[in-house]
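Observations on the model geometry
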Amino acid sequence: MSTRIDIFKIEKLIELGRIREAEKSLAAALQDDPDHAELKILGVRLLYEKKDFTQALQTVQECLASDPNDEEALLLRFQIRNEMELYADAERDIIALLQQYPLRGPLWASYALLLLKTGHTKKSFKLSEEAMRLEPEDSICLLVHCIVHLVQGSDKNVAGALEELILRNPDYEPTLMLLINKLAQSHRKKEAFVLAKQMVQMNPRNKTAVNLAKDLALHNHWSMKPFWIFNRFGWPGSLGLWIAFVVVVGLLEESGSNASLIILVSCGYLAFCLASWVWPPLLKKWIQYKGFR
């Protein structure tokens, strides 16, 4: 009975974000019952909340070694691997969970969100539809359904639904911001910009969202498309372009091309480099002044 009370207490402390108190309570509980499976799972949850994903993954693997079908352990491992961007492993975990619990809408929604982050938009759309079919009233299913539809641009009515959902569940706002950042980091800035604009419309006082939306507006502007190699690859992209230029000029010289052609190619390359340095800061100031749509 005492262990059950300890588990309930620790869970509540984690929900309230009182991590240090939860750690102390867990340490005391483990002294009394060091092999208790639920206490070990709570240890994984604490590590996850502290963003110590490496240790959390190692601990949850130990839990699953004892019980390979433990639902909570599998779900935690999926979440941990997802955060660590071990997407292939995370997909195997969510598939294993769906094989055990195929009628649980939130699991389909989690799988849909994973596929959205990894660029499989069409599959993500189908999975979000399945989640809604199974549990149309579940808030997680609704959230993912709105996000997927908004990114794909398949339903103009979901923006209002998403706004209402986040107003009723303010704790979902960080989830949306996290997804925007993940999409941006994965070089999927178009999808990230769609969500960032919606985030700003829902909460224009969120300076982080506003700044992120402006940055994404810069990268998604039509005039920045010629400079995609710099945005995508950074300095390695610049080096690759320089090497390509040197190779082209060398080939032109070896083939005995007209000197004016070599000068033209050289001037074009220099003009392109100059534009890539000058134009983005000017465009950024323009976006800061005029805003974005």
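Everything below is about the structure printed above this text.
Residues numbered from 1 in each chain as written. Predicted model: local features only at pLDDT ≥ 70, side-chain atom pairs only at ≥ 80, totals over all residues. Heavy atoms only, no water.

On to the nonpolar core, then. In this structure, Ile-80, Ile-147, Leu-162, Leu-176, Ile-180, Leu-195 and Leu-216 are the most contacted members of the largest nonpolar core, which totals 68 residues. Other than its neighbours up to four places away in sequence, Leu-195 contacts Ile-147, Leu-150, Val-151, Leu-176, Leu-179, Ile-180 and Leu-183. (Core = buried A, V, L, I, M, F, W, Y, C linked by side-chain atoms within 4.5 Å. Buried < 20%, exposed > 50% of the residue type's maximum accessible area, 1.4 Å probe, protein only. Contact = heavy atoms within 4.5 Å.)

The terminal C-alpha atoms of helix H13 (residues 207–220), which comprises 14 residues, lie 20 Å apart, in line with the 20 Å expected from a rise of 1.5 Å per residue. Looking only at H13, the buried set comprises Ala-209, Val-210, Leu-212, Ala-213, Lys-214, Leu-216, Ala-217 and Leu-218. (Helix = DSSP H or I, 4+ residues; strand = E, 2+ residues; numbered from the N terminus. Expected span 1.5 Å × (residues − 1).)

A word on helix H1 (residues 2–15). Its 14 residues place the ends of H1 20 Å apart at the C-alpha level, agreeing with the 20 Å of an ideal helix rising 1.5 Å per residue. Of the residues making up H1, those classed as buried are Ile-7, Ile-10, Leu-13 and Ile-14. With its buried residues spanning 130 degrees around the axis, H1 presents them on a single face. More than 90 degrees from the buried face of H1, the exposed residues found are Ile-5, Phe-8 and Glu-15. The secondary structure elements touched by the buried residues of H1 are helix H2 (19–32) and helix H3 (37–49). Directly beyond the C-terminal end of H1, a positive phi value near 80 degrees is found at Gly-17. (Arc of directions from axis to C-beta.)

Attention now moves to the side chain of Arg-77. Mapping Arg-77 onto the fold places it in helix H5 (residues 71–83). Here the side chain of Arg-77 touches Gln-61 through a polar contact of 2.8 Å, side chain to side chain. Discounting chain neighbours no more than four positions away, the residues touching Arg-77 are Leu-57, Val-60, Gln-61, Leu-64 and Asp-93. (Polar contact = N/O pair within 3.5 Å; in protein donor to acceptor, adjacent residues only side chain to side chain.)

With that settled, consider a nonpolar patch on the surface. Among the surface-exposed residues, Leu-239, Trp-242, Ile-243, Val-246, Val-247 and Leu-251 lie close enough to one another that they form a single nonpolar patch of about 560 Å² accessible area. Mapped onto the secondary structure, Trp-242 falls in helix H15 (residues 235–254). (Patch = residues over 30% accessible without salt bridge, like charges linked within 9 Å, V, L, I, M, F, W, Y side chains within 5 Å. Areas by Shrake-Rupley, 256 points an atom, 1.4 Å probe, with all protein chains shown as cover. Salt bridge = Lys/Arg side-chain N within 4 Å of Asp/Glu carboxyl O.)

What follows deals with unusual backbone geometry. Phi at Lys-51 takes a positive value of approximately 65 degrees, unusual for a residue other than glycine. Note on placement: Lys-51 falls in the loop between H3 and helix H4 (53–66). On the basis of relative accessible area, Lys-51 is assigned to the exposed category, the value being 61%.

Any functional reading would require information that these geometric values do not contain.
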